Amino acid sequence: MSELGCYSPSFKKPSDVLRMRRKRARSEGPGRITSSPVVSVDGVRPFSPGPLLSAPGRASGGVKRRNPFANIENTYNSPKKRALSHIDGHSGAQDGKKAAAAITGLDAKCREELPNSGVSMREELFNTDQQHHHIETPVSLSEDDDLFEDLSPPVLKSPAAVCDAAPAEVCLEFPADWSLKTRLLFTSPQSFSWAEHLKAQEEAQGLSSHCRAEFTSLPASIQDPRGCAELRCGFQQCLQYWQHPSLPWLSLFPRIGAERKFSGKCMPWAQDATLQQNLMSDWSVSLTSLYSLLKTRLCPYFYLCSYQFTVLFRAAGLSGAKGISALLSPTTRGLREAMKAEGIEFSLPLLEERRKSKELASSQLGESVHRETDGEEATSGDVLSEHSENEEEEDDDDDDGGFSWLKEMGVQDKIKQPDAISIKLRKEHREVRLDHRPESVVLVEGSNTFTLLNFLINCKSLVAGAGSQAGLPPTLLAPTAFRGATLHTLKARTVNVKTRVRMGYQDVCSLEVTGPIMPHTLHALTQLLKPAQKGEFSVGLYTHEPTAVLNVPVSQTSEPQKLEAVVQDLSRCGLQQSSIQQLAVPSMLGKSALRQLHMRDYSYSWKS
């Protein structure tokens, strides 16, 4: 290519050049004004937008295609549009009439100054109106900033970035979340250096305060958190929990879907039946001890985590329940049938709630039809309501499998009817569909919880018979001590994370807590961080998904107990009074869990 001195990237064959010249001559018309020839640089013809559509020497019959970027007035960052934006920004404080007059004046002025330009006056008015609505925000020269922010992956933001608008009212408490968390990530503009490198005396004081259930009240705002010994001791106290069994080389939470985590570990009991029996015997003693503490209200709640499901036992008065309650999720049809065989009465709260809502909707529909119509229209409303009920109970047919209509037609002998087994399987299809789903959560209340306890102790399928978790009893987690329990500490470390800002990212102080995080731990940590971080922090909550459904409300057959009475009855359970008050309120999250929690100006906001 270096030998060809006349070579250029825009080189074309002579036939193509002639064709383009003829096409240009036809489009521009015979009356075009020829300008002086443009000298090319290095053989490359420079770009020329050509004359405007409204040029005086241009023929009216031209069909030239217009380049939208040929005129600078067509661009977003044109000088006239910037002038209009600047004028509107200064005149935005005027009232509506003055603003409308200014817009009209600008419109007339633009019509006089730009008679031949391709600028759309509707676009000018739209931009002017947008500037009036956003007076306080600076004028951005790029429209793509917000676009790329929406399409970017979610990033945990600081409270100032997430909570742009202040809440309408001050919320001093967030709803109780009964799901288990695996990780908490706190972020705040204030430093978390006070939470690291605790002294031996502070650790000992925190352990002693946890075992004795002694709590120290903190001031509303702490000026020097790093020098506050009560704050550091309270942080150590919040990280404690009790667990059984405890194996130093195994992490026994979570248990559902943890086969890969257990594979390759030392399992001396896997092939030893005697060792498995000893483990189950000690586990049964610990479970019985926990239920006794729960019954006497010395333990507020505890979790049983097996490789298939999780059970939450709660003391009387918590979550609005009058007596002891237990939630079990997820379940299967076989497990529910086994519980029925043992005489355990239970309910499916999510299915009952859905059924009640449908009945209420159908009744309201029937009443509205009766009020609005008479005679035959009212009768048709009844037929519609009956039809909707039949659709809801399409799986609950008669014993003949829904083939009774064949007898009315007289063809029942000519069509082969399914046998009894097929009819039974079709009826059970609705129950089987619930397996391993959030809707399969089971609620047990009152004295049936003791029957459930005996069922769990004697249930053969509670422990895996094969696989990496074979022979290992379920994990018991509780906020207070019980027989055979081991005291554990959640892992906490301060890390630096990146948060998105307008022009990029910035460093934000953060605190990460990992482990089996129970409801009282989350509440105690937020109460501790409120004065330490001066009411400004945000937290991302990582939920153990099978336990998110444990937030379903408990059915209240009688009037709920007064909050003061519940706090008084559970005063010796080992939790702070503020935590008991939060946990005593009926759950309002349904089958969802908290995902983000923010505090700004000592007021909570959250996302579930």
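Residues numbered from 1 in each chain as written. Predicted model: local features only at pLDDT ≥ 70, side-chain atom pairs only at ≥ 80, totals over all residues. Heavy atoms only, no water.

Overview of the nonpolar core
The following threshold applies: Take the buried Ala, Val, Leu, Ile, Met, Phe, Trp, Tyr and Cys residues and link them wherever side-chain atoms come within 4.5 Å; each set so joined is a nonpolar core. Note on classification: 1.4 Å probe, protein chains only; a residue is buried when its accessible area is under 20% of the maximum for its type, exposed when over 50%, partly exposed between these limits. Those domain boundaries reflect an automatic or database domain assignment. Residue contacts follow a heavy-atom distance rule, with two residues in contact if any of their heavy atoms lie within 4.5 Å.
F186, Y303 and L452 are the most contacted members of the largest nonpolar core, which has 95 residues in total. A domain split of this core shows at least three residues from each of domain 1 (181–216 + 491–607) and domain 2 (259–351 + 434–486). Beyond its immediate chain neighbours, meaning those up to four positions away, Y303 contacts W178, L180, T310, V311, L312, T475, L476, L477, M518, P519 and L550. Counting eight residues, the second largest nonpolar core, distinct from the first, contains A258, F262, M267 and L472.

Things to note about the sheet that holds strand β8 (residues 486–489)
Whenever strands of a sheet pair, they do so through backbone hydrogen bonds, lying parallel or antiparallel. Put simply, the rule is: By this definition, two strands are paired if DSSP reports at least two bridges between them. By the criteria applied, helices consist of DSSP H or I runs no shorter than four residues and strands consist of E runs no shorter than two, each listed in order from the N terminus. Where helices are involved, their axes are fitted lines through C-alpha atoms of the stretch in contact, as for all axes, and angles between N-to-C directions lie from 0 to 180°.
Across the sheet, seven strands lie side by side as β6-β5-β4-β3-β7-β2-β8; this open sheet has antiparallel pairing. Where the open sheet ends on each side, the last strands, each with one partner, are β6 (442–445) and β8. Each strand axis lies, on average, 25° off the axis of its neighbour in the sheet, ignoring direction. Of the pairings in the sheet, the one linking strand β3 (residues 301–305) to strand β7 (residues 475–478) comprises three bridges and is antiparallel in character. Within β7, the residue paired with C305 across the bridge is T475. Lying on the sheet, helix α7 (residues 200–212) is in contact with β2 (240–244) and β8; it crosses β2 at an angle near 65°.

Details of helix α11 (residues 333–341)
Note the threshold: This arc is built from the directions going out from the helix axis to the C-beta atoms.
The complete set of buried residues in α11 reads L335, R336 and M339. Angular distribution of buried residues about the axis of α11 spans 100°; they occupy a single face of the element.

Quick notes on the environment of F192
One can find F192 in the loop between β1 (181–188) and α7. Assessed through its relative accessible area of 2%, F192 is described here as buried. It is 9.4 Å that separates the C-alpha atoms of F192 and L529, two residues lying 337 residues apart in sequence. In this view, F192 contacts F186, T187, T494, C509, S510, L511, L529 and Q533; residues no more than four positions away in its chain are not counted.

As for the confidence of the model for the protein
Filter applied, for reference: Per-residue confidence from the predictor is reported as pLDDT, a score between 0 and 100.
Confidence along the protein averages 76 in pLDDT terms, with 62% of residues attaining 70 or more. Contacts from residues 1–5, a stretch scored under 50 in pLDDT, to residues over four places away or in other chains number one contact. pLDDT under 50 marks residues 33–44. Its contacts with residues more than four places away, or in other chains, come to 10 contacts.

Looking at the sheet that holds strand β10 (residues 505–517)
Reading across from one edge, β9-β10-β1-β11-β12-β13 is the order of the six strands in this open sheet, with antiparallel pairing throughout. Edge strands, defined here as strands with exactly one partner in the open sheet, are β9 (491–500) and β13 (603–607). Geometrically, the sheet is characterised by an average inter-axis angle of 20° between neighbouring strands, direction not taken into account. Where strand β12 (residues 596–600) lies against β13, five bridges are found, and the strand directions are antiparallel. Among the inter-strand pairings, R600 is bridged to a residue of β13, identified as S603.

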